[in-house]
Amino acid sequence: MPPSSAPAARTRPISMSYLRAFDAVARHLNFRVAAEEMALTQSAVSRQIQALEHEVGTALFLRHTRSVELTSAGSLLHRFAGASLERIDLAVRQIRQSTGRQSVSITTWASFASMWLIPRLEAFQRDHPNIDIRIDATDAAIDMHNTDVDLALRYATRSPHSGAERLFGEQLTVVASPWLLKQQPIQNVDDLMRCTLIESGDAYRTRHMEWLSWQRWLDTYGRGAGSASPVPHTETRRPPGGSSQALPLSPARWLYFNYAHQIVQAALTGQGVALARLPLVAESLAQGGLVEVLPSMRLNSPLAYWLLIATRSSTRPEVRAFCDWLRLQASETRLAIGDVPDPDTLAAPD
């Protein structure tokens, strides 16, 4: 028997009811924010934490006047409890999916969703009226093992995952509205200097985005190709973000946007000339909303569009149906833009 002064060792498993409150406080390190997330009062959350500390047998948080921090015991518990709660929540979502309505959850970025995916969805919904579609438009990386996302559509130079499928590649092409071209005909590179050029505001902040820049296009076509004379050097500009590289372009003006769909929308309304991603404007070109100004001066891009399927979702009928439809849409886009992929870059479907 241990001495009577020693605390009795706790062997009974703790109650699970307080772990939600513990996880919320541990994530936010703030009782008030945790209480708002759980729709409880701050005092109720505090009582749950105190009860959990009593059951564990030690303090889990250090309370300061205006802040709170995890103790070493609290950090250990949160590392395991947080992951366990995520897995439990995921299991419950999967159970609900299997017993409720069929649905497919997709993550992609905003411009691709608005310019390519959403305009085509009506056809899928017409053929599959019992399948709900949820689209999460975000640029943030998603851990598909610990979320309920079924599919990810990504944009990268190479496969973002060993099991990813290449949907199609891309070229960049100069586009403008028919209305603008009536006012300002464009026959060569010099004519571009009399127009407003539309570009991404962060075109020079990452290596990938530089491929989408007017500078890259100019490096290929700015001298001798479709130009009556050399591109004028009377003024230079520094790209947004403070890059030291000067661009030998002096158009009438520049117009900047953050997203590809904003760039194309500005071109559609005649506000300027855009260097557009061909897969995203193929429909607008086919319908006449945009005109390919210099069709012989397309620029190949190393970037491609990829499909990732969560392993746990790959056998669900609704997910397989959506992927089959997506592959068909991708094949039509490849045909429309003349994309012939290198076989070595393609991943075979499961």
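Quick notes on the rules
- Residues numbered from 1 in each chain as written.
- Predicted model: local features only at pLDDT ≥ 70, side-chain atom pairs only at ≥ 80, totals over all residues.
- Heavy atoms only, no water.
- Helix = DSSP H or I, 4+ residues; strand = E, 2+ residues; numbered from the N terminus.
- Buried < 20%, exposed > 50% of the residue type's maximum accessible area, 1.4 Å probe, protein only.
- Contact = heavy atoms within 4.5 Å.
- Areas by Shrake-Rupley, 256 points an atom, 1.4 Å probe, with all protein chains shown as cover.
- Pairing = 2+ DSSP bridges.
- Right-handed = clockwise from strand over helix to strand, strands pointing away.
- Phe/Tyr/Trp six-rings, centres within 6.5 Å; stacked < 30°, edge-to-face > 60°.

### Overview of the overall build of the protein chain
- If you tally the helices and strands in the protein chain, you get 12 helices and 11 strands.
- Evaluated residue by residue, the protein chain yields a buried proportion of 43% over its 350 residues.
- Taking contacts inside the protein chain between residues at least 6 apart in sequence as the whole, the part at least 24 apart equals 76%.
- Here the protein chain has roughly 18800 Å² of accessible surface; of this, 52% comes from carbon and sulfur atoms.

### Examining the environment of Leu 172
- Tracing the backbone shows Leu 172 in strand β6 (residues 165-176).
- Sequence-wise, Leu 172 and Arg 298 are 126 residues apart; in three dimensions their C-alpha atoms are separated by 5.6 Å.

### Concerning the pairing of strand β3 (residues 102-108)
- In terms of burial, β3 is a largely internal element, 5 of the 7 residues being buried.
- Relative to strand β4 (residues 131-137), β3 is paired through 7 bridges, and the arrangement is parallel. Within β4, the position partnered with Gln 102 by the bridge is Ile 131.
- Between the parallel elements β3 and β4, the chain passes through helix α5 (residues 110-127) in a crossover that is right-handed.
- The pairing of β3 with strand β5 (residues 151-156) spans 2 bridges and is classified as parallel.

### Brief notes about the packing of aromatic side chains
- In total, this model carries 17 aromatic pairs according to the counting rule given.
- Each ring, one from Phe 112 and one from Phe 168, has its centre 6.5 Å from the other, and the planes form 35°; the classification is tilted. One end of the pair, Phe 112, is in helix α5; the other, Phe 168, is in strand β6, and 56 residues separate them in sequence.
- Residues Phe 322 and Trp 325 carry aromatic rings whose centres are separated by 5.2 Å and whose planes lie at 45° to one another, so their mutual orientation is tilted. Pair noted here: Phe 322 and Trp 325 are both in helix α12 (residues 317-337), with a separation of 3 residues, about one helical turn.

Functional significance is not addressed by these values, which are geometric in nature.
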